[in-house]
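Residues per chain, in single letters:
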Amino acid sequence: MTTQTPPPSADPASQKIFTIGTRKSKLALLQTDLVLAALKERFPDYTFKIHSRETAGDQNTTIALRDFTTKNLWTQELEDLLEAGSVDLIVHSLKDVPTLLPTSCTLGPMMKREDSRDGLVIKKGLPNMSLAEMPAGSVVGTSSIRRTAQLARKYPHLKVMDVRGNIGTRLAKLDAEDSPYTCLILAAAGLLRLGLGDRIYQYLDSRNAGMLYAVGQGALGIEIRKGDKAMEDILNTIGHKETTFACLAERSLLRTLEGGCSAPLGVETEWIQDTNGSSKLRMRSVVVSVDGSEHAEVEIDGTVDSPQSAEEFGVTVAKALVNEGAGKILSEIQQNRQLKVPVSEST
């Protein structure tokens, strides 16, 4: 067992019982268990309890995500508990976390990211085939405006149909005998964490499919109270700097564009070595109109070695996208939404 490392700012006589808030879905609880196990290994003398509850996003699985009028379906109820002191930290899928948090909350250090790509899942009984190989009119199930826009741009011969529910529900809808769906596109991370990686026929990325993933996809966002130095220090012991910095840069990009979590924005980040042997963050990003007819795309390398430089790099990429025409695309989308404000894409 790993020797306990007390957090630098924690008094040995201070709090040693912590409550972790989470949604009640199977995937949310599994993700929380990953954090719980890491914390228990580092701090075997501490007690970590789980408090789970359903959120608005869990309770309504019929309305398309783009038709909701709130931006924090998966976070607000849990954030209320955090602010009240009923829980000490919350575990989210990071891509479900709005880029603007309550003023009393902040994100702590993040654990190492799972595979960030989207995965293509084919209906059982159909032959395996890539998006490009699918017959015209084949139906792709997704409620993500990002995926819908990129599909319209790259695969206009395909039809997109909304699908809601947790991963198990979506797979059941796909595989039903009378299902209209040919395939689903889901975050690979969720399938892998649930032991369903065998359902992924193809991992979608910029190179093999022209598809970029959602901001924060594959990462777990651990939300804490702002100023809770002891909890931040505890999380630092299980944190992964490369994941934290990359995700902070992605979130800064989205926040700067003011598109909200369901903007048709795709990203792809990777750490590379430059000619001097230094590590840099490479970010590809694309904004696509909903019908796929317009897009703005950039690829930029930057030195990212702190939360501040991550935030600054995200702003730099956002400005480059605007220069390529992203502002016009996002403005037109906002006008078309009228009074509706879509929310995060889940799964």
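Please read all numbers here as calculations on a predicted model, not as lab measurements.

Cut-off values and rules
- Residues numbered from 1 in each chain as written.
- Predicted model: local features only at pLDDT ≥ 70, side-chain atom pairs only at ≥ 80, totals over all residues.
- Heavy atoms only, no water.
- Salt bridge = Lys/Arg side-chain N within 4 Å of Asp/Glu carboxyl O.
- Helix = DSSP H or I, 4+ residues; strand = E, 2+ residues; numbered from the N terminus.
- Buried < 20%, exposed > 50% of the residue type's maximum accessible area, 1.4 Å probe, protein only.
- Pairing = 2+ DSSP bridges.
- Axes fitted to C-alpha atoms, helices over the stretch in contact; angles between N-to-C directions.
- Contact = heavy atoms within 4.5 Å.
- pLDDT = per-residue confidence, 0-100.
- Arc of directions from axis to C-beta.
- Polar contact = N/O pair within 3.5 Å; in protein donor to acceptor, adjacent residues only side chain to side chain.
- Expected span 1.5 Å × (residues − 1).
- Phe/Tyr/Trp six-rings, centres within 6.5 Å; stacked < 30°, edge-to-face > 60°.

Going through the model one piece at a time under the given rule, you end up with 19 salt bridges. In this structure, the salt-bridge partner of Asp118 is Arg146, at a minimum N-O distance of 3.0 Å. Of this pair, Asp118 sits in strand S5 (residues 118–122) while Arg146 sits in helix H4 (residues 145–154), and the two are 28 residues apart along the sequence. For the pair Asp118 and Arg146, one class covers both residues: buried. The salt bridge involving Glu270 is made with Arg207; its shortest N-O contact spans 3.1 Å. In this pair, Glu270 sits in strand S11 (residues 265–273) while Arg207 sits in the loop between strand S9 (200–204) and strand S10 (220–225), placing the two residues 63 residues apart along the sequence.

What follows is about the sheet that holds strand S8 (residues 183–187). The five strands lie next to each other as S7-S6-S8-S5-S9, forming an open sheet whose pairing is mixed. Strands at the two margins of the open sheet, each flanked by one partner only, are strand S7 (159–161) and S9. The average angle at which neighbouring strand axes cross in this sheet is 30°, direction not considered. Both S5 and S8 contribute to a ladder of five bridges, which runs antiparallel. Paired with Asp118 across the strands is Ala187, a residue of S8. Sitting on the sheet, H4 touches S5, strand S6 (139–141), S7 and S8, and the angle it makes with S8 is about 125°. Helix-sheet contacts for helix H5 (residues 167–175) involve S5 and S8, and the interaxial angle to S8 is about 165°.

A few words now on the confidence of the model for the chain. Scored by pLDDT, the chain has a mean of 89; 86% of the residues are at 70 or more. Predicted confidence is poor over residues 8–13, with pLDDT under 50, and the contacts of this stretch with residues over four places away or in other chains come to five contacts. Note on residues 57–71: pLDDT under 50 across the span, and 45 contacts to partners over four residues away in sequence or across chains.

This part covers the pairing of strand S3 (residues 89–93). Within S3, five of the five residues are buried, which leaves it mostly tucked inside the rest of the structure. With burial as the criterion, each face of S3 is covered, one bearing Leu89, Val91 and Ser93 and the other bearing Ile90 and His92. Judged from the two bridges that link them, strand S1 (residues 17–23) and S3 form a sheet pairing that is parallel. Note that in S3 the partner of Ile20 across the bridge is Leu89. By the bridge criterion, four bridges tie S3 to S10 in an arrangement that is antiparallel.

Below, the discussion takes up H5. Within the sequence span of H5, burial applies to Ile167, Arg170, Leu171 and Leu174. Each buried residue of H5 sits inside an arc of 100° when the element is viewed along its axis, so together they form one side. Elements that come into contact with the buried residues of H5 comprise helix H1 (26–42), S5, S8 and helix H6 (188–193). With a side-chain oxygen lying 3.2 Å from the backbone nitrogen of Gly168, the N-terminal cap of H5 falls on Asn166.

Here we come to helix H9 (residues 307–323). Between its terminal C-alpha atoms H9 stretches 25 Å, which fits the 24 Å expected from 17 residues at 1.5 Å a residue. Along H9, the residues that are buried comprise Ser309, Ala310, Phe313, Gly314, Val317, Ala318, Ala320 and Leu321.

Spatially, the three strands line up as an open sheet ordered S11-S12-S13, and their pairing is antiparallel. Each of the sheet's edge strands pairs with one partner strand only, and the pair in question is S11 and strand S13 (295–302). Neighbour-to-neighbour, the strand axes of this sheet turn through a mean angle of 10°, independent of strand direction. Where strand S12 (residues 279–288) lies against S13, eight bridges are found, and the strand directions are antiparallel. Along S13, the bridge assignment pairs Val288 with His295. H4 rests against S11, S12 and S13 of the sheet, and its axis sits at about 75° to S12. Here helix H8 (residues 241–257) sits on the sheet and contacts S11 and S12; the angle it forms with S11, its principal contact strand, is near 145°.

All right, on to the packing of aromatic side chains then. Summed over all chains, the structure comprises four aromatic pairs. Ring geometry for Phe18 and Tyr46: centres 5.7 Å apart, planes at 35°, overall tilted. Separated by 28 residues along the polypeptide, Phe18 in strand S1 and Tyr46 in the loop between H1 and strand S2 (47–53) bring together distant segments of the chain. The two residues Phe18 and Tyr46 agree in class, both being buried. Consider the rings of Phe43 and Tyr46, whose centres lie 5.2 Å apart with planes at 15°: the pair is stacked. By relative accessible area, which is 0% here, Phe43 ends up buried. Three or more aromatic residues joined by ring pairs make a cluster, and in this case those are Phe18, Phe43, Tyr46 and Phe48.

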